[in-house]
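Residue-level structural notes
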Amino acid sequence: MKWGKRRDPRVGDELRYHRDRLIDDYVAAGMDRPSAERRAFLEFGNVAGLEEAVRDVRGRWLADCGADLRYAARVLRRSPVFAAVAVLSLALGIGANAAIFSVLNGVMLRALPVSDPDRLVVIARMNDAGRPLFLAYPLFEILRDRLTSTSGVLAAGTSEQTAVIDGEDELVSLDLVSGSYFDVLGVQPAAGRLLSQNDDSVAPAAPAAVISDSFWRRRFDRRADAVGKIVRIRDRAFTIVGVTPAAFHGVRPERMADMALPLQAMLTEQQRRSMNLNNYMVMARLRHEATVAQANAEVQTIHGGFVQQQASMDREKDRPMILRQRAVVFAAPDGFNAMRFEYRRSLFLLMGSVGLVLLLACVNLSGLLLARAAARQREIAIRLAMGAGRGRLLRQFFTESLLLALLGGAIGLLLAGPLAARLLTLLVNGRPLAISVAPDWRVLAFTGAVAALACVLAGLAPAFHAVRAAVTPSLKEVRAHGSNALGKALVVAQLTISMILVVGAALFIGSLVRLQAVDRGFDAGGVLVVAVRSAQPYPAARVQAVTDALLARLKALPGVTSTSAAAVLPIGGGLWERNVQVEGHQFRDTESDAVGFNAVAPGYFATLGTPLVAGRTFEPHDTLAAPRVAVVNGSFARYFFPDGSVLGRHVTSAGTTYEIVGVVADAKYQDLRADVIKTLYVAAMQRAGDPQPTGINYVIRVAAGDPGRLVPELTRAVRDADPALRVREARAYTDIIGESIGTERTMATLGGVFGGLALLVAALGLFGLLAFQVARRTNEFGVRTALGAGRASLMRLVLRDVAVMVGCGVVLGSAGAWMTAGVTSSLLFGLTPGDPGTFATAAAALTVTALAAAWLPARRAARIDPLVALRHE
């Protein structure tokens, strides 16, 4: 049944019954029938009106809401262009908010699919940036044995290895987990059993492995005989004993592990005993009566004793740094979520930006509704004259706003899904993640709340302004010539918000431009980076031969001009530091003796295009049989040898002394933001130990064109070098560098989109207001023209208002941007949050946009015909 037809007939029948009884009483008293009816009608009143009043007393909000919605739909249907513009602007604002919230929800708010995740905590060291760091294995053992506020402690590491199953090898992602891992998390197996404390030993009698549901589906098509299969990893055989549930991916929500192996079985003796190798995530489950604060207090005491012991075993010089380490316990229902710390600031900034975009859309819609209300003054006056209450009209206007917000919210929600997925891809620069950003109940609730807020923000001012209309002038179709201050205030508000967004966009774009233009010290263009893998490690005697054969095969590829290899790829995020003793230099107590280290093959500097400043680079004869040699960068040479006598001097590290034979130009090491560090390069062929061919990065320079064209030929070249080798990854070096600034690129891209959208919306709002004002002031412009005013003076009259509004918007927006720009400081490079050039650029962009939007209305005002104007109204 439709809402409008849900009327109780008994109310009318009862009223008519009492009226007829009154008529009968008057007739019985001696009146004639017509006189009795006339008197009864006068005393009783209108039955239909009384029926409505009774319904008002009983309450009929649902029927009224239905009627209001139908009326609002008819009104909007009569103005399709207005409805389309309003719904689209709200859809963009609400959709952008829902998309960013979907990403934030997926990255930061979803709990692990384990038993009672709210009782899980992370135990970690914290760095200066407030990010959690891993712990050493001996510290995990101490925490596991001594913590009383927790019911269990787990440790986990990650790795990627080649696994061989049924004679076929493939690269798999591994979780290396302690025996308590699944018990602490409260995970139940989907098939077979999970790892237990009995499986986690240095040399288990029957090494066990657990595979994930996705690996079970991909590799075994969910066959039951997968349990019991043998998988060989690093020369060891593991028996698959179970499968984890489909929803469980591990304690790192962004990563999907294929397999879990017992931790101790995969560690070397050094990894088990070293107090300095901090490679393991540590989590615990609180006892029911314990709190995070209690666990934190316990961990502080235990960690304090641990670092005291660690410092006593280290150099005197390093003890203060070791003793400054602090451990912390924090609730972690989402597991060891590094993305929460990595992208938290960016996501909150984006939420703030899309919040401003939504506010801008609401202000713009308010302006449209205000102009539309002015055009509906006669309709409003008629309804007021017929007895409609102003509250009733107010509700009707809010219903129209609500209908627009509902339509905008529905379309925005449809847009949010693909936008969120695209945004996450952009944010992580295309890296595959296990995180889902599909809408859930939180996203639906958030979108509903945003739509309701948009309804109130957009509809409040126009509704109150409309119901204050005077009845008489409107009925006479005389234009009200009251103040248009509200319309101007809304335009100033749009310009203010636009200024804030444009300043933010200019800061992010400027930072990205500076990052891309920074001198890296090498040329990544035309370079392909290749990593390889093998099922088994090579014996030490074959390592160099396989490496040389691979480099030779890669160099033989068509179009390749040079090849080389490096242990650490610059701008790849890695950092290898070593303490050194430098000939002729005495380190002060407060002076760090750590420098950047790298092991590179001959041809490395030529392949990357790093200039040689003095001496020579590494040659093929720099082998283990030759004296150890090193090449340093310019920063190293200037710092330790300011007199320039660097060649022939010696540097000692880890018991090995190197003769410096060359100096190369400075090059960035870990990332583009960091300053160039003092770097010492050693020859890869003289590196101690047996560095595997699978543990280094191969760089290939092509003469011209896209280096990615070599990828199809790499498989053959790598197999020709050694049948056991496989291509693990091949990427253009420029892509790797681009990934290192993915956050900056995302902020610049989205900031530019939001800034451009803000300028467009502000221009539309200003254009609409001026067009409306020019139409209202047609008589005035006609009279001015008739009195001799020129076109230029009329245009100045219109543009003067524009200049005032733009000035107010720029000043207010600059103040707002200056107060909020501080939160962006950590994402900027080469710019300060209050950079005057950026503010001037944003003000200029806003001014030009405003003048462009004002040009047509001003031109129309200047061309008004006086005769036509005087006949206006």
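Up top is the structure.
These numbers were taken from a predicted model, which means no experiment stands behind them.

Re the overall build of the chain
If you tally the helices and strands in the chain, you get 28 helices and 24 strands. Compactness check: the chain gives a C-alpha radius of gyration of 37 Å against a globular reference of 29 Å for 873 residues, more than 25% above the reference. For the C-alpha atoms alone, the extent of the chain along its principal axes is close to 130 × 75 × 55 Å. For the chain, the proportion of its 873 residues judged to be buried stands at 48%. Residue pairs in contact within the chain that sit at least 24 positions apart in sequence constitute 81% of those at least 6 positions apart. Total accessible area on the chain is roughly 40,000 Å²; 58% of this is exposed by carbon and sulfur atoms.

Thoughts on empty space enclosed by the protein
On inspection of all chains with the given rule, the structure shows 4 cavities of 30 Å³ or more. Asp175, Thr244, Phe248, Ala257 and Ala260 are, among the 15 residues lining the largest cavity, the residues nearest its centre. Residue assignment for the lining of the largest cavity shows that the elements contributing at least two residues are strand S5 (168-177), helix H7 (181-185), strand S7 (208-211) and strand S10 (259-262). Counted by class, the lining of the largest cavity contains 9 nonpolar, 4 polar and 2 charged residues. Taken as a whole, the second largest cavity encloses approximately 70 Å³ of empty space. In terms of lining, the second largest cavity is formed by Leu369, Arg372, Ala373, Arg376, Phe397, Glu400, Ser401, Gly459, Pro462 and Ala463. Its residues assigned to classes, the lining of the second largest cavity shows 5 nonpolar, 2 polar and 3 charged.

Section: the side chain of Glu298
Take Glu298: it is sitting in helix H11 (residues 292-312). One buried charge, Glu298, has no salt-bridge partner; the nearest side chain with opposite charge is Arg287, at 7.6 Å. At 2.8 Å, the side chain of Glu298 and the side chain of Thr148 are in polar contact. For Glu298, the residues in contact, after removing those within four places along its chain, are Arg146, Leu147, Thr148 and Ser149.

A few points about the pattern of salt bridges
Tallied over the full model, the rule gives 40 salt bridges. A salt bridge links Asp225 to Arg223, with the nearest nitrogen and oxygen atoms 3.2 Å apart. Between Glu583 and Arg649 there is a salt bridge, with the nearest N and O atoms lying 3.8 Å from each other. With Glu583 in the loop between strand S16 (581-582) and strand S17 (594-600) and Arg649 in the loop between helix H21 (634-640) and strand S20 (650-653), this residue pair connects regions lying 66 residues apart in the sequence. By relative accessible area, which is 35% here, Glu583 ends up partly exposed. Here the salt bridges share partners, and the residues they tie into one network are Glu168, Glu170, Arg218, Arg219 and Asp258.

Description of the environment of Leu433
Its location among the elements puts Leu433 in the loop between helix H15 (390-427) and helix H16 (441-467). Setting aside anything within four residues of it in sequence, one finds Leu433 in contact with Glu254, Met339, Leu424 and Val428.

Here we look at the packing of aromatic side chains
For the structure shown, the criterion picks out 18 aromatic pairs. Aromatic pair Phe101 and Phe446: ring centres 4.2 Å apart, planes at 5°, arrangement stacked. Of this pair, Phe101 sits in helix H5 (residues 80-109) while Phe446 sits in helix H16, and the two are 345 residues apart along the sequence. Phe101 sits in the buried class, given a relative accessible area of 13%. On the accessibility criterion, Phe446 (19% relative accessible area) is buried. Ring centres of Tyr604 and Tyr681 lie 6.3 Å apart, and the angle between their planes is 45°; on these two criteria the pair is classed as tilted. Of this pair, Tyr604 sits in helix H20 (residues 604-608) while Tyr681 sits in strand S22 (residues 679-683); the two residues are 77 residues apart in sequence, bridging distant segments of the chain. Considered together, Tyr604 and Tyr681 belong to a single accessibility category, that of buried residues. Over the ring of Phe522 we find Arg520; its NZ or CZ atom is 5.9 Å from the centre of that ring.

Things to note about a positive patch on the surface
On the surface, a cluster of positive charge is contributed by Arg70, Arg74, Arg77 and Arg78. You can see Arg70 is positioned in helix H4 (residues 61-77). By relative accessible area, which is 36% here, Arg70 ends up partly exposed.

Cut-offs applied
Residues numbered from 1 in each chain as written. Predicted model: local features only at pLDDT ≥ 70, side-chain atom pairs only at ≥ 80, totals over all residues. Heavy atoms only, no water. Helix = DSSP H or I, 4+ residues; strand = E, 2+ residues; numbered from the N terminus. Rg over C-alpha atoms; globule rule 2.2 N^0.38 Å. Buried < 20%, exposed > 50% of the residue type's maximum accessible area, 1.4 Å probe, protein only. Contact = heavy atoms within 4.5 Å. Areas by Shrake-Rupley, 256 points an atom, 1.4 Å probe, with all protein chains shown as cover. 1 Å grid on protein atoms, 1.4 Å probe; cavity = no way out; pocket = protein on both sides within 12 Å on 5 of 7 lines; lining within 4 Å. Points joined across faces, edges and corners; volume = space filled by probe spheres on them. Nonpolar A, V, L, I, M, F, W, Y, C, P; charged D, E, K, R; others polar. Lys, Arg positive; Asp, Glu negative; His and termini not counted. Salt bridge = Lys/Arg side-chain N within 4 Å of Asp/Glu carboxyl O. Polar contact = N/O pair within 3.5 Å; in protein donor to acceptor, adjacent residues only side chain to side chain. Phe/Tyr/Trp six-rings, centres within 6.5 Å; stacked < 30°, edge-to-face > 60°. Lys NZ or Arg CZ within 6 Å of the ring centre and 35° of its normal. Patch = residues over 30% accessible without salt bridge, like charges linked within 9 Å, V, L, I, M, F, W, Y side chains within 5 Å. Charge placed at Lys NZ, Arg CZ, Asp CG, Glu CD.

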